[in-house]
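Take a look at the letters that make up each chain.
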Amino acid sequence: MEMFDLEKIKRESGLPAAELTQIEEEIRREFEGDEMMFELHLIRAIRAIKEGWVVLEEKKTG
């Protein structure tokens, strides 16, 4: 059960889907089993990136 409308928040963020997926995966690993903390941190991360407070580090392979 979601406490927030995450799909709306993600859609309105304007961030690329790949970037949102990466953010979600990292936060999900950190807060595995705690849906409320996952949602709160996801919202905070999206806002921080959108506002330019932080930059999502690109993962390099090879």
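Quick note: structure is the one above.
Residues numbered from 1 in each chain as written. Predicted model: local features only at pLDDT ≥ 70, side-chain atom pairs only at ≥ 80, totals over all residues. Heavy atoms only, no water.

Some thoughts on the pattern of salt bridges
The full count for this structure, using the stated rule, is 3 salt bridges. The closest approach of N and O atoms between Lys-10 and Glu-7, which form a salt bridge, is 3.0 Å. With Lys-10 and Glu-7 both in helix α1 (residues 6-13) and 3 residues apart, this pair spans about one turn of that helix. You can call Lys-10 buried: its relative accessible area is 12%. Connected through salt bridges with shared partners, the residues Glu-7, Lys-10 and Glu-24 form a single ionic network. (Salt bridge = Lys/Arg side-chain N within 4 Å of Asp/Glu carboxyl O. Helix = DSSP H or I, 4+ residues; strand = E, 2+ residues; numbered from the N terminus. Buried < 20%, exposed > 50% of the residue type's maximum accessible area, 1.4 Å probe, protein only.)

As for the packing of aromatic side chains
As enumerated under the stated definition, the model contains 0 aromatic pairs in all. For Arg-28, the ring lying beneath its charged end belongs to Phe-38, and the centroid distance is 3.6 Å. (Phe/Tyr/Trp six-rings, centres within 6.5 Å; stacked < 30°, edge-to-face > 60°. Lys NZ or Arg CZ within 6 Å of the ring centre and 35° of its normal.)

Overview of helix α2 (residues 17-30)
Helix length check: α2 (14 residues) gives 20 Å between terminal C-alpha atoms against 20 Å at 1.5 Å per residue, within 8%. Buried residues of α2: Leu-20, Gln-22, Ile-23 and Ile-27, and no others. Within α2, the buried residues cover an arc of 160 degrees as seen down the axis, which keeps them to one side. Across α2 from its buried face, at more than 90 degrees, point the exposed residues Ala-17, Ala-18 and Arg-29. In the core, the buried residues of α2 are packed alongside α1 and α3 (35-50). (Expected span 1.5 Å × (residues − 1). Arc of directions from axis to C-beta. Contact = heavy atoms within 4.5 Å.)

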